[in-house]
Amino acid sequence: MAKNDYCVIGLGRFGSEVANQLNKMGKNVMVLDKNTDLIQKASKVHELAIACDASDLNSLAETGITGVNTVIVAVSNIESSIMICANLRELGHKDIIAKAINSVHKRVLKTMGVTRVVIPEIEIADRIAFQALFNLGVDIVNIGSGFSWVKVTVNNKVILNKSLAELNIRNKYGATIMMIQRQGQVIFPPTNDTKFELGDVVTFMCHDSKINNILKFFVRDNSVDPK
């Protein structure tokens with residue numbers, strides 16, 4: 001396999017979904033699982049589906065996984081997860097993303113040098129909690145260290161026809177505008193001269209403590225000039 005491809009180990013619900021999403025994005029995905037039925041099913045979607053017990057170092061090495069940059073370990077069994085990650089580290093893999101069952105499992109994997117460890121249920125719960133907290137139909141993804149990516153639709157008429165330089169959003173609200181989607185077009189990166197239009201979908205990054213204020217800036221609809 002060429003560099004920059006992906007390998008997903010473990011085809012449970014989480015692993016299958018990750019592999020399918022990568023496939024939809026046009027990525028070349030190798031999938032591994034010791035369950036031959038799951039592999040047979042996956043072979044209808046992915047070009048390279050291999051029945052393999054990844055907890056066995058030799059079996060894992062024989063798959064050609066050393067030619068893959070990013071490996072996603074999606075198995076649920078803690079012992080198998082640890083063994084697979086240990087094998088990947090021994091084979092020289094540096095970019096490993098692993099699913100963890102609990103905080104102890106996560107700590108063990110991080111100690112082993114796994115690049116990123118996720119507990120899917122907690123990440124989903126955090127996302128829902130953020131959305132409920134701000135009581136708005138926005139997309140909020142916590143990225144750690146107290147910061148989040150936020151996507152919101154502009155409906156505040158007061159901020160229209162003013163450039164980003166005039167609005168001075170970074171200094172006033174501590175938010176960095178990353179991208180604007182407008183009628184199927186993407187403005188990336190926005191410049192100091194960029195102006196908002198009603199219905200723009202804005203993606204920005206800011207500290208969690210600032211989210212509430214910046215959301216009010218984008219979604220309120222009144223005659224008070226945001227100076």
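This text goes with the structure placed above it.
Residues numbered from 1 in each chain as written. Predicted model: local features only at pLDDT ≥ 70, side-chain atom pairs only at ≥ 80, totals over all residues. Heavy atoms only, no water.

Caption draft 1: Quick look at the layout of surface pockets. Looking at the largest pocket, its volume works out to about 880 Å³. Among the secondary structure elements, those contributing two or more residues to the lining of the largest pocket are α1 (13-24), β4 (70-73), β6 (116-118), α6 (120-134) and β7 (139-144). Tallying contributions element by element places α6 first for the lining of the largest pocket, with six residues. Along the lines of polarity and charge, the residues of the lining of the largest pocket split into 16 nonpolar, four polar and six charged. Volume-wise, the second largest pocket comes out at about 280 Å³. Taken together, 20 residues line the second largest pocket, and the ones lying closest to its centre are Gly10, Asp33, Lys34, Val75 and Ser80. Mapped onto the lining of the second largest pocket, the elements with two or more residues apiece are α1, β2 (29-33) and α4 (78-90). Partitioned by chemical class, the residues of the lining of the second largest pocket number nine nonpolar, six polar and five charged. (1 Å grid on protein atoms, 1.4 Å probe; cavity = no way out; pocket = protein on both sides within 12 Å on 5 of 7 lines; lining within 4 Å. Points joined across faces, edges and corners; volume = space filled by probe spheres on them. Helix = DSSP H or I, 4+ residues; strand = E, 2+ residues; numbered from the N terminus. Nonpolar A, V, L, I, M, F, W, Y, C, P; charged D, E, K, R; others polar.)

Caption draft 2: Here's a closer look at the environment of Arg170. If you trace the backbone, Arg170 turns up in helix α8 (residues 169-173). By relative accessible area, which is 54% here, Arg170 ends up exposed. For the pair Arg170 and Cys206, spaced 36 residues apart in the sequence, the C-alpha separation amounts to 9.0 Å. Excluding anything up to four places from it in sequence, Arg170 contacts Ala175 and Thr176. (Buried < 20%, exposed > 50% of the residue type's maximum accessible area, 1.4 Å probe, protein only. Contact = heavy atoms within 4.5 Å.)

Caption draft 3: Structural context of the sheet that holds strand β8 (residues 147-153). Pairing is antiparallel in the open sheet, where five strands are placed in the order β7-β8-β11-β9-β10. Only two strands of the sheet have a single partner each, and these edge strands are β7 and β10 (185-187). Along the sheet, successive strands turn relative to each other by an average axial angle of 20 degrees, direction set aside. When strand β9 (residues 175-182) meets β10, the two strands line up antiparallel, connected through three bridges. Counterpart to Gln181 in the pairing with β10 is Val186. Of the strands in this sheet, β7, β8, β9 and β11 (201-207) touch helix α9 (residues 211-219), which is tilted by about 15 degrees from β8. (Pairing = 2+ DSSP bridges. Axes fitted to C-alpha atoms, helices over the stretch in contact; angles between N-to-C directions.)

Caption draft 4: Here's a closer look at the packing of α4 against helix α5 (residues 103-111). Relative orientation of the contacting elements α4 and α5 amounts to 10 degrees, with a least axis distance of 10 Å. As judged from the angle between their axes, α4 and α5 are roughly parallel. Residue-level inspection shows Ile78, Ser81, Ile82 and Cys85 of α4 in contact with α5, the latter providing His105, Val108 and Leu109. In the contact of α4 with α5, the residues fall into five nonpolar, two polar and no charged. (Parallel < 35°, antiparallel > 145°, perpendicular 65-115°, else oblique.)

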